[in-house]
Amino acid sequence: MPKTLLLLFLIILFSQHNVLAQKPNANFQYAIKRSTSPIKVDGLADEQAWKDAKTAGDFFQVLPMDTSMAAVRTDVKLTFDDKNLYVLFINHDTIPGSYMVESMRRDFTFSKNDNDLLFIDTFNDLTTGYSFGSNAKGGQWDGLMSNGSNIDVSWDNKWQSEAKYYGDYWIWEAAIPFKTLRYKKEVTSWGINFSRNDLKSTEKSSWTPIPRQFPTASLAYTGNLVWDKPPPAPGLNISVIPYVNVGRVVNHEANTSPEFTKNVGLDAKIGLTSSMNLDLTVNPDFSQVDVDVQVTNLDRFELFFPERRQFFLENGDIFNNFGFQTIRPFFSRRIGIEAPIYYGGKLSGKVNEKWRIGAMAMQTGKAHENQGPGSFYNVLSVQRQVFKRSYVSGIFVNRDLIGENLTDATNPISAFNRTAGLEFNLASEDNKWNGKAFFIKTFSPDKLKDNSILAGNLVRTTRNWQLTMQMESVGEGVEANEVGYVKRSNYIRAKPEIAYLFFPKKGPILSHGPNLVLSQYFTRENSETFEYLHMLNYGVTFKDRSVLRLWGAIDYVKPQRDFDPTNFANEKIKAGTEHYWQATGFEYDSKPQSVFTYAFSSRFGGYYADGNRIRLEGELGYRFQPYVAILMKANYNQIAFGEDSRLPEGLINSKHKLWLFGPRIDVTLSNKLFFTNFFQYNQQNNNVNLNTRLQWRYSPASDLFIVYTDNYLAENFNVRNRAIVMKFTYWWNP
């Protein structure tokens, strides 16, 4: 198996035959000119500056077909002054009727809204950038781009836009401050593209031609934004974001007195150069962050939830994208979730055309008096671009104990935990070859042997085929879950995957085809198989954007440690027992252009110890455009066991039913006032959660939040704890 891993790495290194090819859409040029008059962002587009600006039109259709020009006309104009980059989309209509939007909430779901998106690659590296956009009723979208097409919409910054509807067309107008962007002052060419999603015609289009197997966000297929002179320097680029937080917390389970909380803190962003940023935080507070959507966990491993906190987001990919989703040497959610963050700093950005760095330091306290001391975290990451879109990166993560573990500490932690890694990330210029190879080593006082990870994958994507090979080798002594996220240890994994798509020329189907995944785990001692998942599914995408998927799977598991197959009964199946089963299921998502949407999925088949498991999941959504969006989700799992010697006595001839359901209601009175109500009933952890959040964006990137949270015992609806918090933030530019 190590020889196979080595062969995969060699293939990745030599899969460079087209990485030096010319950028596919390099001939698409937009020459931007300085504004000839002042611009007011009001969605009217009546200024002389817009009349004088060049028009980018003649969009290409990406979906449902990528072989013709767009049927729906879109015109885009750009201009600038000393402070802002201005954007104007004019979206013409061909089909009568109202536009489709969920609501005016920020960072809307792309597929369920008529919308415009702008993609900016300020370093023209085809890898990192920014995305800004709006739906047809003015709901804003912004995000940081990484890995060529990934967009993290948790990022939030200071800019403004307006959208107006004119009967047979609608306009989106925006002003993006140069202080919001990071770029090199001497560069006179940025990568850029414009995308439109028109649900009435079910057409997705792009200014530059993009093969439909790739998203319109693919920076590999951007055109060029050409400046006759370098863009204006942002000048003094300092943002200070103080906050005041007051609240009341009551813990009924612990039977403690109500606690009144008062916190003051701040974040600061300092532009050291036009491409290098320093983030500082003192006593940060994350009470405004949306709650995680709960899931029923019947896996044997910890779940992964993404980072949403603003301090960690800018240039966060240089820290968080190292490795695979199940193998991360650094996972920022390990910091400050249970223990408070006292202060921290982060330096990140481009040093020059080839080099990019990130350095972070943070100190946390302890969550409770009997929970041991706090920690100090250091993270350093460096990237060096090679070829056109590929890069080599290194990372070092360190956590040191502050003080000593208490003898009666409930959860004592090790004196230190350190991780070092090296990665090569492959991305061809036409995006048809992608992959990575990385090596990670962890260091902990108790685990200093067999503590390495060697892994890699290679993906080949063409119009019809997608071929993937992934290999992983993780040592028994790997200990990264105090600073990173490693789902499991002591294994070797091989995961080949093959998919093929048919594209009918006629009929209601856009594409359809099979996908085969063969995931197999081996012991590192003798390469014996102890787990595998073989899955075949067939997917159908219809021209109305609805999707149907049918699947069948074969599972084999020989657990390496005792575990509870229900994750709540506290009855454990023994390690070393063997389990084999088959299962089938389907998934369906309705067309997104309807005000009423729905989705269903199911799973029927076997489970551990010749048991049976049924999973039924549904989602119903309705929107009163553009003010209210209601979404109801429900998940039901039924697990039944018979008479089996592999089972503990408490699970023999038992049946377990688990419900998880709840509605989410988004009310947007404007694109500045948002009200979200989230109710979740989770039978598995015996909890009912109610979270209500009011957000008033009274000024760009400045907010007033009022958040109310209630938790109840599901079995009797007794209150566990509740809290109400009011938070005021202000984004100040000196």
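Look up a bit, the structure's there.
The present account deals with the structure reproduced in this document. (Residues numbered from 1 in each chain as written. Predicted model: local features only at pLDDT ≥ 70, side-chain atom pairs only at ≥ 80, totals over all residues. Heavy atoms only, no water.)

**Digging into the overall build of the protein chain**
Phase 1 of the analysis: What the protein chain contains, in helices and strands, is 3 helices and 40 strands.
Phase 2 of the analysis: C-alpha extents for the protein chain along the principal axes are approximately 80 × 60 × 50 Å.
Phase 3 of the analysis: Out of the 734 residues belonging to the protein chain, those deemed buried represent 54%.
Phase 4 of the analysis: The contacts of the protein chain with a sequence gap of at least 6 include a subset with a gap of at least 24, amounting to 60%.
Phase 5 of the analysis: In the form shown here, the protein chain has an accessible surface area of approximately 31,400 Å², with 57% of it arising from carbon and sulfur atoms.
Phase 6 of the analysis: Averaging the positions of the 81 positive and the 75 negative side-chain charges in the protein chain gives two centres separated by 4 Å. (Helix = DSSP H or I, 4+ residues; strand = E, 2+ residues; numbered from the N terminus. Buried < 20%, exposed > 50% of the residue type's maximum accessible area, 1.4 Å probe, protein only. Contact = heavy atoms within 4.5 Å. Areas by Shrake-Rupley, 256 points an atom, 1.4 Å probe, with all protein chains shown as cover. Lys, Arg positive; Asp, Glu negative; His and termini not counted. Charge placed at Lys NZ, Arg CZ, Asp CG, Glu CD.)

**Comments concerning empty space enclosed by the protein**
Phase 1 of the analysis: As enumerated under the stated definition, the model contains 4 cavities of 30 Å³ or more in all.
Phase 2 of the analysis: Its boundaries defined by the atoms lining it, the second largest cavity holds a volume of some 180 Å³.
Phase 3 of the analysis: As for the second largest cavity, its lining consists of 15 residues, and the residues nearest its centre are Phe123, Thr128, Tyr130, Asn315 and Arg356.
Phase 4 of the analysis: For the lining of the second largest cavity, the secondary structure elements donating two or more residues are strand S7 (129–135), strand S8 (140–146) and strand S19 (341–350).
Phase 5 of the analysis: By residue class, the composition of the lining of the second largest cavity is 4 nonpolar, 6 polar and 5 charged. (1 Å grid on protein atoms, 1.4 Å probe; cavity = no way out; pocket = protein on both sides within 12 Å on 5 of 7 lines; lining within 4 Å. Points joined across faces, edges and corners; volume = space filled by probe spheres on them. Nonpolar A, V, L, I, M, F, W, Y, C, P; charged D, E, K, R; others polar.)

**With respect to the pairing of strand S6 (residues 115–121)**
Phase 1 of the analysis: For S6, the buried fraction is high: 7 of the 7 residues fall into the buried class.
Phase 2 of the analysis: Burial of the side chains of S6 extends over both faces: Asn115, Leu117, Phe119 and Asp121 are buried on one face and Asp116, Leu118 and Ile120 on the other.
Phase 3 of the analysis: The sheet contact formed by S6 and S7 spans 6 bridges and is antiparallel. In the strand pairing of S7, Asn115 is matched with Asn135. (Pairing = 2+ DSSP bridges.)

**Here's the deal with the pattern of salt bridges**
Phase 1 of the analysis: In the structure shown here, the tally under the stated rule is 33 salt bridges.
Phase 2 of the analysis: Among the ionic pairs, Asp66 bridges to Arg463, the shortest N-O distance being 2.9 Å. Of the two residues, Asp66 sits in the loop between strand S3 (60–63) and strand S4 (74–80) while Arg463 sits in the loop between strand S25 (452–461) and strand S26 (465–474), which places them 397 residues apart along the sequence.
Phase 3 of the analysis: Taking the relative accessible area as the measure of exposure, Arg463 reaches 32% and is therefore partly exposed.
Phase 4 of the analysis: Across the salt bridge formed by Arg73 and Asp75, the nearest N and O atoms sit 2.8 Å from each other. (Salt bridge = Lys/Arg side-chain N within 4 Å of Asp/Glu carboxyl O.)

**What about unusual backbone geometry?**
Phase 1 of the analysis: Cis geometry marks the peptide bond from Leu63 to Pro64, where omega comes out at 5°.
Phase 2 of the analysis: Cis geometry is found at the peptide bond from Gln625 to Pro626, where omega equals -10°.
Phase 3 of the analysis: With respect to the secondary-structure elements, Pro626 resides in the loop between strand S34 (611–624) and strand S35 (628–640).
Phase 4 of the analysis: Despite not being glycine, Leu126 shows a phi value in the positive range, around 65°.
Phase 5 of the analysis: Mapping Leu126 onto the fold places it in the loop between S6 and S7.
Phase 6 of the analysis: On the basis of relative accessible area, Leu126 is assigned to the buried category, the value being 0%.
Phase 7 of the analysis: One non-glycine residue, Asn147, lies in positive phi territory at about 55°.
Phase 8 of the analysis: You can see Asn147 is positioned in the loop between S8 and strand S9 (150–152).

**Examining the packing of aromatic side chains**
Phase 1 of the analysis: Applying the stated criterion across every chain yields a total of 42 aromatic pairs.
Phase 2 of the analysis: Here the aromatic rings of Phe178 and Trp227 are separated by 6.1 Å at their centres, their planes lie at 55°, and the arrangement is tilted. Placement of Phe178 in the loop between strand S11 (169–177) and strand S12 (189–198) and of Trp227 in strand S14 (residues 223–227) is noted, with a sequence separation of 49 residues between them.
Phase 3 of the analysis: Owing to a relative accessible area of 1%, Phe178 belongs among the buried residues under this scheme.
Phase 4 of the analysis: With a relative accessible area of 2%, Trp227 lands in the buried category.
Phase 5 of the analysis: An aromatic cluster of at least three residues, connected via ring pairs, comprises Phe28, Phe60, Phe89, Trp172, Phe194 and Trp207.
Phase 6 of the analysis: Over the aromatic face of Tyr99 sits the side chain of Lys200, whose NZ or CZ is 4.5 Å from the ring centroid.
Phase 7 of the analysis: Seen from the ring of Phe123, Lys350 lies directly overhead, with NZ or CZ sitting 5.2 Å from the centre. (Phe/Tyr/Trp six-rings, centres within 6.5 Å; stacked < 30°, edge-to-face > 60°. Lys NZ or Arg CZ within 6 Å of the ring centre and 35° of its normal.)

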